[in-house]
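Fold and geometry: a report
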Amino acid sequence: MPDAISPSEITQLLHAWNGGSREAFDRLVPLVHHELRVLAARRLSREWRHDRLQITAIVNETYLRLFDQREVDWQNRGHFFGIAAQLMRRVLLDHARRQTRKKRGGVAMPVELDASIPTPLHGADAVDVLDLDRALTRLEALDQTQARIIELRFFGGLTIEETAMALAVSPATIKREWAVAKGWLLRELSGDVDRRAPK
Amino acid sequence: MTSAEYARLKEIVAGALGCPDADRPAYLATQCGADTTIRVEAESLLASVLRAAPLYEDPTLLIAGDGVTLDAFEQLGNAFEGTARYVVRRRIGEGGMGIVYEVDDRERGQAVALKTLRRWSGDDIYRLKREFRSLADVAHPNLVSLYDLVIDDDACFFTMELVHGTTFVDYVRQEPSATARAARAREALVQLIEGVLELHRRGIRHGDIKPSNVLVSAAGRVVLLDFGLATNVGQREFINGQVAGTPAYLSPEQSFDANVSTASDWYSVGATLYHALTGTPPFVGTPREVIERKMLVDPEPAATIAPETPDELSELCMALLRRDPALRLSGREVRARVSAVELGTVDSGSTVSAPGFVGRADALNTLRAAFEMARAGRSASVMVHGPSGIGKSALVQHFIDTLANERVLVLRSRCHEHEAIPYKALDGVIDSLAGHLRALPQAERVALVPRDAAALGRLFPVLRTIGLNEDVQDEADPIAFRRKAFTAFRALLGRLAERQPVVVDIDDFHWADVDSITWLTELLRPPSPLSLLVVLSFRSEEFEAKPFLRSVVERIDIGTRFSVPLFPLSPTEIDQLIGSLLPVRIGAASLQRAAIAHASGGNPFLIDALARDAVSGGSRGEPTLDEMLTRRLDVLPPESRAFLEALAVCGRPMLPARVFEACGYRGDERPLVARLRSAHLVRNSRSADRVEMYHDRVREVLAARVAPDAARQIHAVMARVLVAHGDDDPEALFEHHRAAGHTELAAIAAAAAGGKASAVLAFDLAVTFYREALALEQDSAQRARRVADLAKALEKAGRPIEAATAYLDAAQRAHGDDQIDRRRKAAEMLLIGGQIDEGLRVIEEVLRTVGVPLARGHATALASLAFRRLQLRWRGFEFAAQPESRMTHEDLFRIDACWSITVGLAMVDPIRAADFNVRQLLSALGVGDPYRIARALALEGGFSVLIPVAAARSPRALYRRAEELAGSGGQHYIGALTSVWGGIGAFVTGKWAEATHLCARAVTLLRDHCTGVTWELNLAQNFFLFSLVYQGELREAAHHWRRLLESARERGNFYLELELSTRLSLIWLAADQALEAEREADEAVARWSQRGFERPQYLRLLTLVQIRLYLGRAREAWDLLERHRADFRRPLFRRVQHTRVETANWRARCALALAPRGEAGQHLRAVALEEAQRIDRERMPWSNPFATLIRATVACQQGDVAGATKGLTAAIEGFTSAQMHMHAAACRSRLSTLVDGEHGETLRTEATRFMTDQDVRNALAFLRVLAPGFPE
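Please read all numbers here as calculations on a predicted model, not as lab measurements.

**Focus on the overall build of chain A**
The secondary structure content of chain A amounts to nine helices and three strands. Beginning at the N terminus, the succession of helices and strands in chain A can be written as α-α-β-α-α-β-β-α-α-α-α-α. In chain A, which comprises 199 residues, the share counted as buried stands at 46%. Long-range contacts, defined here as pairs at least 24 residues apart, represent 60% of the contacts in chain A between residues at least 6 apart.

Structural data, given as structure tokens:
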């Protein structure tokens, strides 16, 4: 299990994956997924009571825990956050689905997309993580790049520059795509009933 | 929509975004043409994109944790609309925790800040409350004052001091010049450090220090906000402020939760200082970048960014910002570094540091050793004692501080002279216990709370807040209730002690109360003492002056006892302490230091006071504490002085608001209290929200300064204020009313306090209050009632002689049946207490009124007994049960009067007692009262063994019948009676083990379920001990015996004292204290009113005989016995088998001890053999070996070694099978000198080991008592 692998070995895996090793990727993903789950579970468990939890802090912490920072270059970091964002989304969905089963109706797991708005997690600005996921899945069907950008930025906490590096496109392109993608997302999530009704 | 359609849409929208706003409609029209579907889509998406443009620029996905229920979000959505008390003025700010308002507090009459909270789970609310309380009593000028916490169904908020000010950074940076900025930074930093240190001292980590949480008022006062509340340890980094903002001020370790400690706060102080000095936080960037960078690199030195920054400030700043918390400056270092640069700019109150702690290494080692014992699962107690001001509290505080890093539960109390609440020494302990429990998660708490915890909640209401308030079955019997409560308390502490070491600390123990002490002693009583460390501190001068206290402390036989006497500090220590107190600039004046050292006499409290005096420019000579305090008080503002004087006069912890009000002031008392606190004049009390004088010495000096008239006035106003608020106890009201000279009100309050104490079973305290009430009460009807209350309380407190006096007094104030009944009670108390003559006189009067004669002599009584027993046999035990209402008052009274006599005479005159018991049995059968029949039957069972004359029934059948009749109401009491009398029966027939067992059972039943059972308990405890001694269990007997003897003396229980100090004199002798034994026996008999040669004199005689034998003065022993030979023929002695054996045995032993070898001794040996024959006649397994031993001794004296060896061997066998191991050991020892070789050696070793194990000090002398007449 993950414990048996040292940070520098994991870092080697990351390098190997970056160098094109599929095997390294296959070994890395469960490690990262496990670590994310453990951290998220701990944070979400009762003993870790708190009011709000920053998702990217978990990703970040996973990163800092798994890798030997001195040996990771910025490109490798981008790759890591690329898969971590995807995995984090999966972890959250699993959690939200469990919550839904428990709660039966109501909002399973409210999330907030922008902490700079001091509105608490309620009302119009709070989003159910399941809705967010559905919206992203719809966007994936329409525009994979935009969906990835959203995923990386929200679930991985990447900056524009880092996103550009992870997706190997120019920051200017990312900026443009990002602007439209978040507009699309806002419209999807802001309760336009017609669009959200299942077809 | 397809992906192709979306790609087109996205292109159109991106294009539109590139156009100036005004051109966009035209652009869209061109691009979409006639395709209205895409046009609508594009317009909608464009609008959304524009709307989203400012959003999510630094996306941070936040999710709610499980601790927050969904309802809480709804709750938060509703703005706070104010309440009747709090009227909203405006919204000041908001954050993740809630919204902050400025409100008018109508009750306080001032503006306060009000912060709304999210609704949390039950556990969270308890935790919040606890935290709030611990913070609410923080009165520090550099910490925001918290006021009220309100949690109910509609709202959840707390209020605090409203601080108007700028942030730390702005305050510093407002100054244009770098020099002025540095000066401001230093000045504000000093205060910030004081605030943080105060929090840390209380075990609170702030966790979120940042510029917006550090405000500076216009007057330059630094106030730290938002501490401790509404966060859980280790969770701080996810609270809104940081999540939403930047983690710029958080320590690197806080991003990881790893080893977050107080060092994290110092990092934040450093970051805030850095920002103030340089204009920017140490790191800037996205949250993640900041978190990462601060872990990987050090910030640029402040002096590099702002070159004009003084080096020492920049260095201090960088030392605070060290990445490794272990390398960061500690709180003390910070203060030392800052003080070095910046002393003297703050007001004089804070230039003297908190008193440091010096020396006392030995004392600390002892405490540590005792603690280690407790941790290892044993119980230990430490008595810390020394004169006032020597540093007892400081020592214990320091010791407890050293435990800070260990998982220890510390429960602390302090006793107050002027506080008379039930269980006052335990009050604080219970408070801290409640606090601890409240903080535990529900599930854990439930697991800890023992059965019957609700009873505990009844005695200590504070425990009800932790759910110990489920309905308790109302116990008719208060003693049983108290027992339950105690058992629950013990179980609770036991469970806690299994989880972690528990330290109980009680300060100023010299003011403790008896009831608390009883509980405390019981906690650690063998056989299964709790693994606790109990630390008791008391003043040596009080200890010397109060013999009672001394006896109490000695009785606290708590596990392994350590004594820690505190002496004046050594000259080096004095110097060290002065050094830690005085700033360098004053400290340099060595002359002054020498003066302080001399004047203090090495007393740390005086050193502290003198240092303060020196700082404020006190005199150069050697002032007294009185002068110094006077000087310090004179410079205080009048309101502070008034407050202090009122507090000193009250002499107990008070709610500051009440004192403030009593002084005639209105508004907020907190600033005043904070000032007095920092000047070390007052401190927060351990009982929650109260304050008290900083030291008892200060209180004494201050109280003495107040003129008597003024003091009266203070008490009068205080009483009025307390009554107006309806918030104080009768005990307190009594103190104030009495001191104010309101006799009438004081009498009422005292009676109420007495009733309250009785209700919680603190009978001794109840006695005190009833006496106070009596002394003050004028109204004769009220006085009569109080006397009756007093008599009852005394009876329940087990003080029979005092109770008798009170009953007689009460009888004089009553009429008719009441009067007679009280006289009967008085007689019973007198008899129980050992005032036999007086008791008989009173009871005779009583009997005359109901027509029952009292048999004069023993012979008459014996005849009467025989006659009545025959009558009983003829009559049988059948009866027709009647309800009590059908019985005549006279009948019942006659029965009860007989009962009183039976009880009173049972042990001193068993024949007459047995006679009266049969009489009451016959009457009860005639009347048909099952309870009274049962009671008499139980006693008859015992008497039939003791005085078998004409007794037919087997005692077992009597006991069984008694228990059948007892019914549910009296089952415990009747059960206890049959056990006691069964035990006595077993004792007189030599079944020691059975007697021990039955008496122990009776003790338990009586203690747990019965009240007012002094007599029954006396019997049960006595015979329990007697049987132990017969079995040779001297060590265990001694343990119980000492405690009982003390309590008997203290309570004026003459009977018990007599029995214990005569019958058990073997215990004295084992301890080689023959002289003490004699003095004790003399005193006990002298207190006894009966004259002539009655049982008391008989018991004393036997004691003296034993002592003479022990001392080797056989002639005196023999003479003593011979002088009373005639007396032994009286029925009182002849009729009791045990006494017959006893007298024969001692006479034989004395004869043998005295008999010389050869012809000259023949006569005495004949006497011994004659007595042996008498013993033979009794044919009891326990008495036979005595006769065997006597014959063996005679054989030995006659040189018949073979006969002696054989006899001793048989005696050993006989004693062993009768379980009389000490006697067997004595015979072994004697035998060992007659047989040679290995066998002799084995015998000697066995005997010696047994005696040593039982703590026999002088085996040689001891053998002279048990087996006299052998060559030594």
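Having put the structure on the table, let's press on.
**Observations concerning the overall build of chain B**
Across its full length, chain B carries 61 helices and 16 strands. A burial count over chain B gives 51% of its 1272 residues as buried. Restricting the contact set of chain B to residue pairs at least 6 apart, pairs at least 24 apart contribute 65%.

**Here's the deal with the nonpolar core**
As a rule of thumb, nonpolar side chains are buried together in soluble globular proteins. Residue and element names in this part refer to chain B. In this structure, Leu647, Ala750, Tyr807, Ala1020, Cys1150 and Cys1227 are the most contacted members of the largest nonpolar core, which totals 301 residues. Broken down by element, the residue count for this core peaks at eleven residues, all from helix α47 (residues 1014-1030). Once residues within four sequence positions are removed from consideration, Ala1020 is found in contact with Val980, Gly983, Cys999, Ala1002, Val1003 and Leu1006. Tyr86, Val112, Tyr267 and Ala302 belong to the second-largest nonpolar core, a separate cluster that totals 62 residues.

**What about the environment of Ala934 of chain B?**
Residue and element names in this part refer to chain B. Examined against the element boundaries, Ala934 turns out to sit in helix α43 (residues 930-946). A tally of 26 C-beta atoms within 10 Å means that Ala934 is categorised as buried. Linking Ala934 and Leu921, residues 13 residues apart in sequence, is a C-alpha distance of 8.6 Å. If near-sequence neighbours (up to four positions away) are discounted, Ala934 is found in contact with Ala962, Leu965, Ala966, Gly970 and Ile974.

**Some words on the environment of Ala16 of chain A**
Its place among the elements puts Ala16 of chain A in helix α1 (residues 7-18). Dropping the residues within four chain positions of it, Ala16 of chain A is found in contact with Ser21 and Ala24 of chain A.

**Some words on the sheet that holds strand β8 (residues 214-217) of chain B**
Residues and elements named next belong to chain B. Pairing is antiparallel in the open sheet, where three strands are placed in the order β7-β8-β9. Taken across any chain shown, the strands that pair with only one partner, and hence form the sheet edges, are β7 (165-167) and β9 (222-224). Shown here is a sheet whose adjacent strand axes are inclined to one another by a mean of 35°, direction ignored. Here three bridges tie β7 to β8, and the two strands are oriented antiparallel to one another. Bridging from a neighbouring strand, Thr167 pairs with Leu215 of β8. Its contacts with the sheet place helix α7 (residues 178-201) against β8 and β9, and it is angled at close to 35° to β9.

**Some details on the sheet that holds strand β13 (residues 532-539) of chain B**
Residues and elements named next belong to chain B. Read from one edge of the open sheet, five strands run β11-β12-β13-β10-β14, paired in parallel fashion. Strand pairing shows two members of the sheet lacking a second neighbour, β11 (409-414) and β14 (560-565), which therefore form its edges. Between one strand and the next, the sheet's axes are offset by a mean angle of 15°, whatever the strand orientation. When strand β10 (residues 380-386) meets β13, the two strands line up parallel, connected through seven bridges. The residue bridging His385 from the neighbouring strand is Phe538, located in β13. Of the strands in this sheet, β10, β11, β12 (502-507) and β13 are in contact with helix α15 (residues 392-402), which crosses β12 at around 165°. The sheet contacts of helix α16 (residues 424-439) involve β11 and β12, and relative to β11 the element is tilted by about 145°.

**Considerations on helix α41 (residues 889-905) of chain B**
Count 3.6 residues to each turn of an α-helix, and residues three or four apart come out pointing the same way. Residues and elements named next belong to chain B. With 17 residues, α41 extends 24 Å from end C-alpha to end C-alpha; this agrees with the ideal 24 Å at 1.5 Å per step. Those residues of α41 that sit buried are Arg894, Ile895, Ala897, Cys898, Trp899, Ser900, Ile901, Thr902, Val903, Gly904 and Leu905. Elements that come into contact with the buried residues of α41 comprise α38 (816-833), α39 (836-850), α42 (910-927), α43 and α47.

**Some words on the environment of Asn1018 of chain B**
Residue and element names in this part refer to chain B. Here Asn1018 shows up in helix α47. Judged by the 27 C-beta atoms lying within 10 Å of it, Asn1018 falls in the buried class. Distance from Asn1018 to Glu1057, taken between C-alpha atoms, is 9.6 Å for residues 39 residues apart in sequence. Apart from the residues lying within four places of it in its own chain, the contact partners of Asn1018 are Tyr1055 and Leu1056.

**Looking at unusual backbone geometry**
All names here are of chain B. Positive phi values are uncommon outside glycine, yet Asp508 reaches one of about 50°. Within the secondary structure, Asp508 is located in the loop between β12 and α20 (514-523). With 21 C-beta atoms counted inside 10 Å, the residue Asp508 sits in the buried group. One non-glycine residue, Gln1219, lies in positive phi territory at about 65°.

**Things to note about the packing of helix α59 (residues 1221-1232) of chain B against helix α60 (residues 1237-1253) of chain B**
Residues and elements named next belong to chain B. Packing of α59 against α60 brings their axes to within 8 Å, and their N-to-C directions diverge by 145°. The interaxial crossing formed by α59 with α60 has left-handed handedness. For the pair α59 and α60, contact is made by His1221, Ala1225, Arg1228, Ser1229, Leu1231 and Ser1232 and by Gly1240, Leu1243, Arg1244, Glu1246, Ala1247, Phe1250 and Met1251, respectively. Among the residues making up the contact of α59 with α60, the classes are represented as six nonpolar, four polar and three charged.

**With respect to the pairing of β8 of chain B**
Residue and element names in this part refer to chain B. Relative to β9, β8 runs antiparallel, the two sharing three bridges. Its bridge partner lying in β9, Val214 is registered against Leu224. From the end of β8 to the start of β9, which pair antiparallel, there are four residues, and Gly220 there has a positive phi angle of about 90°.

**Details of the confidence of the model for chain B**
When pLDDT drops low, the exact placement of atoms in the prediction is not to be read closely. Residue and element names in this part refer to chain B. Averaged over every residue, the pLDDT of chain B is 79; residues scoring 70 or more account for 84%. Every residue in residues 65-78 is under pLDDT 50, and counting partners more than four places away or in other chains gives 34 contacts. Ignoring residues within four places in sequence, the model shows residues 584-588, a span with pLDDT below 50, making eight contacts including any to other chains. Interface scoring of the predicted complex returns ipTM 0.80; its pTM is 0.54.

**As for the confidence of the model for chain A**
Residue and element names in this part refer to chain A. For chain A, the mean per-residue pLDDT works out to 71, and 64% of the residues sit at or above 70. Residue range residues 116-124 is modelled with pLDDT below 50. Its contacts to residues more than four positions away, or to other chains, number 22 contacts. Per-residue pLDDT stays below 50 along residues 192-199; that stretch engages in two contacts with residues further than four places along the chain or on separate chains.

**Some thoughts on α39 of chain B**
All names here are of chain B. Counted at 1.5 Å a residue, the expected span for α39 with its 15 residues is 21 Å, and the 21 Å between its end C-alpha atoms agrees. Along α39, the residues classified as buried are Ile836, Gly839, Leu840, Val842, Ile843, Val846 and Leu847. Across the axial projection of α39, the buried residues extend over an arc of 170°, all falling on one side. Against α38 and α41 lie the buried residues of α39. Following α39 by one or two positions, Gly851 adopts a phi angle in the positive range, close to 75°.

**Examining the packing of α16 of chain B against α20 of chain B**
All names here are of chain B. For the pair α16 and α20, the least separation of the axes is 7 Å and the interaxial angle reads 60°. Between α16 and α20, the crossing angle belongs to the class labelled oblique. Each of Lys424, Ala425 and Leu426 in α16 lies in contact with α20, whose residues at this interface are Ser516, Ile517 and Trp519. Counted by class, the contact of α16 with α20 contains four nonpolar, one polar and one charged residues.

The rules behind the values
- Here the residue numbers are simple positions, counted from 1 along each chain's written sequence.
- Here every chain gets a letter starting at A, and every ligand a number starting at 1, in the order they are written.
- Given that the model is predicted, a residue must reach a pLDDT of at least 70 before its local features are reported, and side-chain atom pairs must reach 80 or more before they are shown or counted; all residues, however, enter totals for whole chains, interfaces and linings.
- Every helix listed is a DSSP run of H or I at least four residues long, and every strand listed is a run of E at least two residues long, numbered separately from the N terminus.
- Three classes are used. A residue is buried when 20 or more other C-beta atoms lie within 10 Å of its own, exposed when 12 or fewer do, and partly exposed in between, with C-beta atoms placed from the backbone.
- The contact rule is simple: place each C-beta atom from the backbone, and if two of them lie within 7 Å, those residues are in contact.
- Each nonpolar core consists of buried Ala, Val, Leu, Ile, Met, Phe, Trp, Tyr and Cys residues. Their C-beta atoms, within 7 Å, join them into a set.
- Two strands make a pair as long as DSSP finds a minimum of two bridges between them.
- Working convention: axes come from line fits to C-alpha atoms, limited for helices to the stretch in contact. Angles between N-to-C directions cover 0 to 180 degrees.
- The span you would expect from a helix comes to 1.5 Å times its residue count less one.
- What makes a crossing left-handed is the near helix being turned counterclockwise from the far one by less than a right angle; a clockwise turn instead makes it right-handed.
- Three residue categories are used. Nonpolar comprises Ala, Val, Leu, Ile, Met, Phe, Trp, Tyr, Cys and Pro, charged comprises Asp, Glu, Lys and Arg, and polar comprises the others, including Gly.
- pLDDT measures the predictor's confidence residue by residue and takes values from 0 up to 100.
- The reported arc concerns the directions from the helix axis to the C-beta atoms and nothing else.
- Roughly parallel means an angle under 35 degrees; roughly antiparallel, over 145; roughly perpendicular, 65 to 115; everything else is oblique.

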